[in-house]
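Residue-level structure breakdown
Residues per chain are reported as follows:
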Amino acid sequence: GAGGIGRAIAARLQHDGHRVALWDLDGDAANEAARALPESSALGVRVDVTDEASVAAAMHATLARFGTLHVLVNSAGATGPVANVTDCDLAAWQRCIDVNLRSVFLCSRAAVQPMREAGFGRIVNLASIAGKEGNPQMSAYSAAKAGVIAFTKSMGKELALTPIRVNCVAPALIETPLLAQLTPEALGASLAKIPMQRAGTAQEAANLVAWLASDQCSFSSGATFDLSGGRATY
Ligand SMILES: NC(=O)c1ccc[n+]([C@@H]2O[C@H](COP(=O)([O-])OP(=O)(O)OC[C@H]3O[C@@H](n4cnc5c(N)ncnc54)[C@H](O)[C@@H]3O)[C@@H](O)[C@H]2O)c1
């Protein structure tokens, strides 16, 4: 919730009438991001989304404050090691899988019961075009995001007969602090592939997520929605 895309989504969901909890590993940044929102109801929560007990505690704190859960957006992520597979350190590779994929499993699993009780649920996962195409020197990130896409499909099917919809977004390049983790070469290569010749904005990501989080998104589940300035063709 304190990252570039997470903040923009929180602001948009609050604008649409939701009370929002911003979860982040950086608790101070989560609190600051919550305070920066127009509605004072926003809650900042420190959480490590790779840790089962921490996710349970964050869910407990969120439900204690708001009583119910309608929407979960899984936006925590990190690019991980930028190196050829042969130069990749195992621990760094695993950390990348954990923050991008294990996190989606833990938070989504924790959200289902409260959403069943609410009689409504929307889970929106931030995947990446890397998960569809596989970026060179980013095998862990690409594999994790491909995992998010497949996980979304599985969960969407499992919950198809419930009021819960599960979808993911696959952005190409969005202007946020995450881009500082890329080398100038990787950034340039990524930009060069976008027919619109620009990065997207966090607001553009939030606009799509807001629809996926709404009751307007009723006949889509398990799906991957592109956000790539024309780059994705399948
Ligand atoms: N920005 C892009 O170009 C882009 C492109 C494709 C996909 N994405 C995906 O969109 C999502 C949001 O990206 P962003 O650009 O806002 O990134 P960001 O770096 O601005 O924000 C990511 C946030 O995740 C938090 N985080 C990291 N590890 C955590 C943990 N263990 N527990 C809790 N929080 C943790 C960080 O503190 C940070 O606030 C990510 O999943 C990213 O992979 C981004």
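Up top is the structure.
Attention in this report is confined to the structure presented alongside it. Numbers given to residues run from 1 along each chain, matching the order in which its sequence is written. The model is predicted, so local features are restricted to residues of pLDDT at least 70 and side-chain atom pairs to those at 80 or more, both for listing and for counting; the totals for chains, interfaces and linings are taken over all residues. Each side-chain value is worked out from all heavy atoms of the structure, with water and hydrogens disregarded.

1. Focus: the site of the ligand
- By convention in this text, a residue qualifies as near a molecule or strand provided that one of its non-hydrogen atoms is within 4 Å of it. Taken together, 27 residues lie around the ligand, and I5, D24, Y141, I174 and T176 are the ones closest in.
- Two N or O atoms count as a polar contact when they lie within 3.5 Å, although within protein this holds only if one can serve as hydrogen donor and the other as acceptor, and sequence-adjacent residues are included solely when both atoms are side-chain atoms. The separation between a nitrogen atom of the ligand and a polar main-chain atom of V49 is 3.0 Å.
- Relative to its unbound accessible area of 830 Å², the ligand is 89% covered by the protein chains.
- Polar here means any residue outside two lists: the nonpolar Ala, Val, Leu, Ile, Met, Phe, Trp, Tyr, Cys and Pro, and the charged Asp, Glu, Lys and Arg; Gly therefore counts as polar. Of the residues in the shell around the ligand, the class split is 17 nonpolar, seven polar and three charged. The Shrake-Rupley method, run with a 1.4 Å probe sphere, supplies the accessible areas, and residue values consider only the shown protein chains as cover.

2. Regarding the packing of aromatic side chains
- Each Phe, Tyr or Trp ring (for Trp, its six-membered ring) is paired with any other whose centre lies within 6.5 Å, and the angle between the two planes then decides the class: stacked below 30 degrees, edge-to-face above 60, tilted in between. Per the counting criterion, the structure on display carries two aromatic pairs.
- Ring centres 6.1 Å apart and planes at 65° place the aromatic pair W211 and F225 in the edge-to-face group. Separated by 14 residues along the polypeptide, W211 in helix α8 (residues 202-212) and F225 in strand β6 (residues 224-227) bring together distant segments of the chain.
- Partly exposed describes any residue whose relative accessible area lies between the buried limit of under 20% and the exposed limit of over 50%, with all areas from a 1.4 Å probe on protein chains only and scaled to the type maximum. Accessibility expressed as a relative area gives 33% for W211, which makes it partly exposed.
- Charge over a ring is defined by NZ of Lys or CZ of Arg lying within 6 Å of the ring centre and within 35 degrees of the ring normal. One residue, K132, lies across the ring of Y234, its end atom 4.9 Å from the ring centre. The helix and strand labels rest on DSSP assignments: H or I over at least four residues marks a helix, E over at least two residues marks a strand, and numbering proceeds from the N terminus.

3. What to know about the nonpolar core
- Joining through side-chain atoms within 4.5 Å is the link that ties buried Ala, Val, Leu, Ile, Met, Phe, Trp, Tyr and Cys residues into a set, and such a set is a nonpolar core. Counting 27 residues, the largest nonpolar core has W23, M115 and M155 as its most contacted members.
- Secondary-structure elements contributing two or more residues to this core are β2 (43-46), α3 (52-66), α4 (90-118), α6 (139-158) and β5 (164-171).
- I5, I174, A206 and L227 belong to the second largest nonpolar core, which has 26 residues in total.

4. Structural notes on the environment of A206
- Structurally, the position occupied by A206 is in helix α8.
- Overall, the relative accessible area of 1% leaves A206 in the buried class.
- In the structure, A206 is positioned 196 residues away from A10 in sequence and 8.1 Å away in space, judged by C-alpha atoms.

5. Some details on the sheet that holds β6
- Strand order in this open sheet of four strands is β3-β4-β5-β6, and the pairing throughout is parallel. Where the open sheet ends on each side, the last strands, each with one partner, are β3 (71-74) and β6. On average, adjacent strands in this sheet sit at an angle of 20° to one another, irrespective of strand direction.
- As judged from the four bridges shared by β5 and β6, these two strands associate in the parallel manner. Considered in β6, the bridge of C168 is made with T224.
- Whether two residues are in contact is decided by their heavy atoms, any of which lying within 4.5 Å being enough. Only the stretch in contact is used when a helix axis is fitted, and all axes are lines through C-alpha atoms; the angle between N-to-C directions ranges over 0 to 180 degrees. The sheet strands contacting α4 are β3, β4 (121-126) and β5, and the helix crosses β3 at an angle near 175°. Two strands pair if DSSP finds at least two bridges between them.

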